[in-house]
Structure formats: structure tokens, C-alpha cells
Amino acid sequence: MTDPSFPIERMKTRPQFLAAAKAPSCARGAVVLQARDRADDSPVVRVGFTATKKVGGSVIRNRAKRRMREAARMLIPVLARPGHDYVFIARGGAPTRPWDRLLDDVKSALLSLAADSDTPARAPARAPSPTVRAGA
RNA sequence: CCAGACGGCCGGGCGGUCGCUCUCACCUUCGGGUGGGGGAGGAAAGUCCGGGCUCCACGACGACAUGGCGGCGGGUAACGCCCGCCGGGGGCGACCCCAGGGAUAGCGCCACAGAGAGCAGACCGCCUGGCCCUCGGGUCAGGUAAGGGUGAAAGGGUGCGGUAAGAGCGCACCGCGGACCCAGCAAUGGGGACGGCAUGGCAAGCCCCGCCAGGAGCAAGACCGAAUAGGGACCACGCGCCGGUUCGCCGGCAGGGCUGUCGUAGGCUCAGGGGUCCGGGUAGGUCGCGAGAACCGUCCAGCGAUGGGCGGUCCAGAGGAAUGAUCGCCAAUGCCCGUUUCGGCGGGCGGCACAGAACCCGGCUUACAGGCCGUCUGGUUUC
RNA sequence: CGGGGCGUAGCGCAGCCUGGUAGCGCAUCUGCUUUGGGAGCAGAGGGUCGAAGGUUCAAAUCCUUUCGCCCCGA
């Protein structure tokens, strides 16, 4: 394993997932990835996995989560940003997609979200719209 | 060889690389690390039954209500499960299916059609008699359930006798009921004097009879136990001044805060905070949690389900939920191409069932690509 | 884990208990009315009663199994 400069934890509770659901997301191939900057002082990276009943039965759902977990184990220490929460959501092809394609999906989603987070337009000091929002 | 019936079993294997979890041993800078070992199923599923276990309730027994079960005998911890037998139905057969007690305990229902549908019923017919008559028939009073027609079902069936025509009216056979006899533990089967047909169906309609059942469920239950806010006890400081006091407080004056600010007046309000400890208890954690109605082999009893003896084995314990990801080879099957001495051989593609323990067992039901073994039945060919 | 309910026409519902004819409203179609539309009036079409099996002469209804959806309790 590469040397991670931050500890990695697993997200388990419903409020954690709900908070991440409001964050920017990125769909690539068989997975949807959500990334949320917790904006606290901790550098911990938290990772969560989920698969809905729409994907399939319990065997299919658990296989999808195992494959996403394996992909996260390989890519998160390299590509994640400290202090962020990541949620992997399985889509229909997650259990059957070729393995290197699945890795490409996750890698490209992680890079895309990281680039999006670096854009200054996403900063909170964005200028308000001059039309309606006077003071909120 | 083909078609089929029944019973049982498997439902990938091996090897790299990287991981997860439990356990044991060692090391440790107490964070962890290294090595060995274990790590999903026949249905783990649906949650349809029966138990273990835990808590609650409860003098004992009985009755009632409600729910379930229902041929007989056996097996079992128990069952609505299993085995054997009986009865009924289906199949040429091996074999399969059946909620299979009671309809003279009572209530209820049997639509439509049809004359009549439940102590039945004369529409068309058939027969007898009276009257009328154009001798074809009509009408009236009776008899009659053999025939037509309706229906799921028409109150035994066939034949002969009998009769005005008919009718269990009589007889024979069959069916039904049946005292009694025989076989069997029993369900039931065989025989059967006699009866002379009285007794239609539905109880997966109410019901009757017999049997069974207290309720809830591991989120049961037990233990440990933060932060915050309540509760209680103790400690020291504080609790303005004056007066009264039944020691709870009361009155007056003074003080702080609020009433936007300042002054005045008025109103409201405050009179304590700190430390230590205790108790309940939330989040959370630990236990419950796997050596048992266990599995494997073998012997004995039994037709069998099953029971017993002996020997051996230890066989998952997670917690948003581990038991995996990926790569290669092989097995097996399908398709295509080439070749063939029609047995095969070589190459390519594809390489796949249903499905994931959540306290644990015994069953049932449902899902399931492909394959293997055994026994039996029917047919065909050859010897 | 336990308990309860629902599935009937395109949609929302009756009918089931007590078995024999599947009905109501909206929607659709046709005609009338109007200059035209809407509204109104008259009429018509449309349903494997979630699926399979059983009981019965006969099942949407009764029984069993199964599929899907919803709600509640701890």
C-alpha cells in the first residue's frame, strides 16, 4: 500500500450519508461518486458505499459494494483530498463491468471532483446575483 | 437404444498477486507486526408450522371464548412433518394424487332454466270414464313418474312379469341399508339373515364430535456506562442593613439587570455560583453467541420413518454487516470451421443456475444452468 | 422479528362477509346543441377481477401456495 498522509475511516450512519448527498457528485460509467469537504480541522478521509434495491438482490448489491470497496482501497490513498467525505453509489453495471473499466470510472470521477473543488467559482465568497437576492 | 417413473448426490478444481474477519503462538516502541489454523447454503430465501432459550403473567384443576388440526397405526422433543397400511381417483405400467370425521343434532343455501329443486312434481304425453261432435277430435273428472323436454342434480339401475296405462306392485341380478359371523391392534375387508328403497348435494357455509394451544419475542434479556440536562447528599465561601419570626419566611431601606440613551418617577425581575460524591439513565460498549435433538464411519433392531451401541472429529461468528477482488490453466457443456478410417481429432468463440449466515435447531413451501449414480416400468432392435 | 391491509376498465373506487347479473364517477369515442370551443343532453366501447392449484354443478367471492405494493409496533 502506498503511504497515505491521512487516516481513512468508514462512514456508517444515515446522517453522514445525507450530508454527503448534498455535496457535488459525478457519474462515471457504473458508479456515482459524491465528495464533500467537511471544512473542519481533521484531515480524516471518510468513505461510504451504498447500493439501492434497484441494482438487484442482496447478492448483487453486496458484490457491487465489494468491488467498489476494492477500487477505493487502491485509489483513495492516492487521489483523495484530506478532510473530505466520499460516497460510492452503485449503478446497474457495477457488478458486471470489466475491472479495469471500473477502476477508470472511479479514477476519472475522483480527478474530476478534485478539479471541480479547485475552481475558484466554487468558493463561498462568490458574488451574489444582482437581480433578486438583495440580502439573504 | 428410445420414452418414462422413483430415490439419492454434486452444483466447479488448482495455482499466483493484493485484501477482510475470528482464533492460537511469538514479538512489541502497546499504535501494532509476523507466522499457523478456521471462514456461507441446499435452499442460508419465503417466514407457513413445530421446538429450544429468554422475559412477562399465573394457586391447582376444569369450563367458556378464539384459533388450528382431522382415515388408522407408528416415529419424534414436538409438529399441520415423516413412515407403513386402509379407502377413493388417475395411468398400459413403474408409479402418482387426495383437508380422507359427522348431512336421521340443528340452521342455512341450491341462481337461471324447468310443470316440479326437498315430508317433490302432471307442461307435452299415456290410460279409463262422462258429455259434445263435422268421427279427425274437443272438453270435464280421475289414474299414471314408462317416454319427451329443462337442469350440475328429477327420490335406485337393467330385464321379465304384471296392468286400462303404469308404478319395488311382484320377482331375478346389481346397487343401498343392515342385526350378526369371520380376519385384523385399528382404519377396513369378506360373508350375510332381513329390509323392499325409506337415506340428493354443499360442512375449504354456520355448526356438531374428538384432539392441541397462556402471551411476547435475541431490537428477548443481563451487565458496564460518557457528554449534556434534571434528581439527591456533603464541603467551604457567599447569603447587604434594621426589625419581627412558628426558622418556612415576612415588612421597610439599600444594591444589580431589563424597560433604546441620560435625569427623575414607575413597573418587572434577580439574590448565589463553585467543588466532590451518589442514584436513575441516553449514546455507546460487553455478554447472550454456538459441543449439539451436531457431523463422519461402522454394527445391531425394524418393511420403513427411526432408535440404540461402539469408534472418531470440532465444523463461520460478522455488525451499514467479513467469508472477497483480479489474473492464468484445466475440467465440463453449447455453437462454428477444417479434417475423418464416421470412433474421433485439431482450431476459434463462449465459458453461464438459484442465491449470502444475522440466536439456534426439526420440517414445509418456493427458486435453481448443467451434471452424476442407483432401482424399476413400457416399447424397439439384435443374439 | 412480529402484526395488519391492498391488488377489479386508462385513473380512483364499489361488489367478496351471505358463491350464480362484474357496477359507480372521471376519462375515451359517436351524435345532438353552439358561429366555434367549453359546459350540458343522449348513446356506445373498454375488464386474463395480480398468478397457479383445489373445494363446488358453478369462484372476483371460499381454501392453499405464490408475486408485487403499502402501513404499523419493538
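Before reading further, recall that the structure is shown in the block above.
In this report, the structure presented in the accompanying data block is examined. (Residues numbered from 1 in each chain as written. Chains lettered and ligands numbered in written order. Predicted model: local features only at pLDDT ≥ 70, side-chain atom pairs only at ≥ 80, totals over all residues. Heavy atoms only, no water.)

For the rest of this paragraph, the subject is the overall build of chain A. Helix and strand counts for chain A come out as three helices and five strands. Helices (α) and strands (β) of chain A occur, in sequence order from the N terminus, as β-α-β-β-β-α-β-α. Within chain A, counting contacts between residues at least 6 apart in sequence, those at least 24 apart form 79% of the total. Of the accessible surface of chain A, which amounts to about 8,500 Å², a share of 52% is contributed by carbon and sulfur atoms. (Helix = DSSP H or I, 4+ residues; strand = E, 2+ residues; numbered from the N terminus. Contact = heavy atoms within 4.5 Å. Areas by Shrake-Rupley, 256 points an atom, 1.4 Å probe, with all protein chains shown as cover.)

Looking now at the protein's contact with RNA strand B. Around RNA strand B, the neighbouring residues are Arg10, Met11, Lys12, Ser58, Val59, Arg63, Arg66, Arg67, Arg69, Glu70, Arg73 and Trp99. Each atom of RNA strand B within 4 Å of the protein belongs either to a base or to sugar and phosphate, the latter forming 67%. Taking Arg67, its side chain carries an N or O atom lying 2.5 Å from a phosphate oxygen of RNA strand B. Contact distances for RNA strand B include 3.0 Å between a sugar or linking oxygen and a side-chain N or O atom of Arg73. With eight residues, the single largest contributor to the surface near RNA strand B is helix H2 (residues 58–79). Among the residues making up the surface near RNA strand B, the classes are represented as three nonpolar, one polar and eight charged. (Near = heavy atom within 4 Å. Polar contact = N/O pair within 3.5 Å; in protein donor to acceptor, adjacent residues only side chain to side chain. Nonpolar A, V, L, I, M, F, W, Y, C, P; charged D, E, K, R; others polar.)

Moving on: the nonpolar core. Ile76, Tyr86 and Phe88 are the most contacted members of the largest nonpolar core, which totals 28 residues. Listed by contribution, the elements that provide at least two residues to this core are strand E3 (31–37), strand E4 (45–50), H2, strand E5 (84–90) and helix H3 (99–118). Beyond its immediate sequence surroundings of up to four residues, Ile76 is in contact with Phe6, Ile8, Val45, Val47, Tyr86, Phe88 and Leu110. (Core = buried A, V, L, I, M, F, W, Y, C linked by side-chain atoms within 4.5 Å. Buried < 20%, exposed > 50% of the residue type's maximum accessible area, 1.4 Å probe, protein only.)

With 22 residues, H2 extends 30 Å between its outermost C-alpha atoms, agreeing within 8% with the 32 Å of an ideal straight helix rising 1.5 Å per residue. If you look at H2, its biggest bend is around 35°, right at Arg73, and the proline Pro77 turns up within four residues after that. Among all positions of H2, only Ala64, Arg67, Met68, Ala71, Ala72, Leu75, Ile76 and Pro77 are buried. (Expected span 1.5 Å × (residues − 1). Bend = angle between axes of the 7 residues up to and from the residue.)

Among the seven residues of E5, six are classified as buried, and the element is accordingly described as predominantly covered. Sheet analysis places E3 next to E5, joined by seven bridges and oriented antiparallel. Pairing of Val31 across the sheet is with Ala90, part of E5. As defined by bridge partners, E4 adjoins E5 across five bridges and the pair is classed as parallel. Considered in E5, the bridge of Phe49 is made with Phe88. (Pairing = 2+ DSSP bridges.)

This part takes up the pairing of E3. In terms of residue burial, E3 counts as a mostly covered element, since five of its seven residues are buried. Two elements, strand E2 (residues 25–28) and E3, share four bridges in a ladder whose sense is antiparallel. Counted as the bridge partner of Ala27 is Val32 from E3. Counting the residues that bridge the hairpin from E2 to E3 gives two residues, and of these Gly29 lies at a positive phi of roughly 60°.

Moving on to the environment of Ala90. Along the chain, Ala90 falls in strand E5. Ala90 sits 61 residues away from Gly29 along the chain, and the two C-alpha atoms are 9.9 Å apart. Discounting residues that sit within four places of it in the chain, Ala90 has contacts with Ala30, Thr50, Ala51, Val55, Ala64 and Met68.

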